[in-house]
Amino acid sequence: MPFTFHTHSGQFCKHASGKLEDVVKQAVAHKMLVLGLSEHVPRSRTQDLYPEEEGLTPADLHTTFADYVAEARRLRAKYAGQIEIMIGAETEYITGDSLEETKMLRLQFDLDYIVGSLHHIDEMALDFSQEGYADIVQRFGGDRTAMFKRYFEQQYELLQALKPEVVGHFDLVRIFHPYDDGVADPLCESDEVRRLAVRNIEYAIGYGAIFEINTRAWKKGLRDAYPQRDMLGEILERGGRVTISDDSHGPGDVCMHYSRLLGYLREMGVDRLHYLSRGGGASEGSSSGSRVCVLEKASEHEFWAANGIA
């Protein structure tokens, strides 16, 4: 679709690639309407740095984030006549301090929006590797139901504390689950896990969040984009607002799997998408100074034809 609100670049994220400006150029080339920039918020503990960040310090990450915001503002001004750029950040909830740090960071840099994502369960990285995921399963004694419950409990804490405008990859806890043949999915098998997930959905709908349909799940081998169709169905059934994101990690990922996305949107009956904007558009309320706008008849938008997608 003509927007994404979940993007990264190698310039400011060590597990991504390319320059931030090249991400913008690709979005312009794809004739996007709005581009949301959302580099990760900096982590403040040395033990939370990733292997590719070896040699860096938490202070370095904070400097990098400040540099990101400055570059994003420069690019917003430079490309103002070609695309609307929203400047945001993606959350990291590792400890309780992470949430307070994100609140202060948002105020310090006057961010347009936040992507509320949970990448850790009890301080253990969930999506970094399949081995790390298996370690979390073992931390819960092999009880995946308990693991999934903890994920949705921590996600609820994040939603309550930050009220992010965009809920990122809602069921990321499933990221490596499909590789475990014959292992039951707690979201399908456990009423309690599903109840917690639905509670989170209803809470986010209540304060006006938008749920992203995140195409990066297809790169990870999942059947559907995040959230998987059962959770997307729960969102839609309750009148939740949805947008789309590519979760790009470099210029080459911009609009990743959007060719597949159109069919999925049609299959799920989604023809109304929402997006954030600082300016015009049919509005459905506002959030932190950013307008929530609606795009009707999304499957008929000229974006698809312009990108050779039918």
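Keep in mind the model is a prediction, meaning the values are calculated, not measured. (Residues numbered from 1 in each chain as written. Predicted model: local features only at pLDDT ≥ 70, side-chain atom pairs only at ≥ 80, totals over all residues. Heavy atoms only, no water.)

1. Quick notes on the nonpolar core
Argument step 1. Phe5, Tyr68, Leu126, Phe152 and Ile213 are the most contacted members of the largest nonpolar core, which totals 91 residues.
Argument step 2. Beyond its immediate chain neighbours, meaning those up to four positions away, Tyr68 contacts Phe12, Leu20, Leu37, Ser38, Glu39, Ile87 and Gly88. (Core = buried A, V, L, I, M, F, W, Y, C linked by side-chain atoms within 4.5 Å. Buried < 20%, exposed > 50% of the residue type's maximum accessible area, 1.4 Å probe, protein only. Contact = heavy atoms within 4.5 Å.)

2. With respect to the pattern of salt bridges
Argument step 1. Counted according to the given criterion, the structure contains 27 salt bridges.
Argument step 2. In this structure, Arg74 and Glu71 form a salt bridge, with 2.8 Å as the shortest nitrogen-oxygen distance. Here Arg74 pairs with Glu71, and both are found in helix α2 (residues 58–78), just three residues apart, close to one helical turn.
Argument step 3. Note on Glu71: relative accessible area 14%, which makes it buried. (Salt bridge = Lys/Arg side-chain N within 4 Å of Asp/Glu carboxyl O. Helix = DSSP H or I, 4+ residues; strand = E, 2+ residues; numbered from the N terminus.)

3. A word on the packing of aromatic side chains
Argument step 1. Counted by the stated rule, this structure contains 16 aromatic pairs.
Argument step 2. Here Tyr203 and Tyr207 contribute two aromatic rings whose centre-to-centre distance is 5.7 Å and whose plane-to-plane angle is 65 degrees, an arrangement assigned as edge-to-face. Of this pair, Tyr203 and Tyr207 are both found in helix α7 (residues 191–207), four residues apart, which corresponds to roughly one turn of the helix.
Argument step 3. Given a relative accessible area of 23%, Tyr203 falls into the partly exposed group.
Argument step 4. Lying across the ring of Tyr156, Arg199 places its NZ or CZ 3.8 Å from the centre. (Phe/Tyr/Trp six-rings, centres within 6.5 Å; stacked < 30°, edge-to-face > 60°. Lys NZ or Arg CZ within 6 Å of the ring centre and 35° of its normal.)

4. Structural notes on helix α3 (residues 96–109)
Argument step 1. Between its terminal C-alpha atoms α3 stretches 21 Å, which fits the 20 Å expected from 14 residues at 1.5 Å a residue.
Argument step 2. Every buried residue of α3 is listed here: Ser98, Leu99, Thr102, Leu105, Arg106 and Phe109. The arc enclosing the buried residues of α3, seen along the axis, measures out at 125 degrees, which places them on a common side. Of the exposed residues in α3, those oriented more than 90 degrees away from the buried face are Asp97, Met104, Leu107 and Gln108.
Argument step 3. Looking one or two places after α3, you find Asp110, whose phi comes out positive at around 50 degrees. (Expected span 1.5 Å × (residues − 1). Arc of directions from axis to C-beta.)

5. Some details on unusual backbone geometry
Argument step 1. Omega for the peptide link from Tyr226 to Pro227 comes to -10 degrees, which places this bond in the cis form.
Argument step 2. Not every positive phi belongs to a glycine, and Asp122 is a case in point at roughly 50 degrees.
Argument step 3. You can see Asp122 is positioned in the loop between β5 (120–121) and β6 (124–125).
Argument step 4. Even without being a glycine, Lys163 presents a positive backbone phi close to 45 degrees.
Argument step 5. By the secondary structure assignment, Lys163 is in the loop between α5 (144–162) and β7 (166–167).

6. Looking at the side chain of Ser277
Argument step 1. Position of Ser277 among the secondary structure elements: in strand β10 (residues 272–277).
Argument step 2. Within the structure, the side chain of Ser277 is placed 2.9 Å from the side chain of Glu84, a separation counted as a polar contact.
Argument step 3. Contacts of Ser277, omitting those with residues within four sequence positions, involve Glu84, Met86, Ser290, Arg291 and Cys293. (Polar contact = N/O pair within 3.5 Å; in protein donor to acceptor, adjacent residues only side chain to side chain.)

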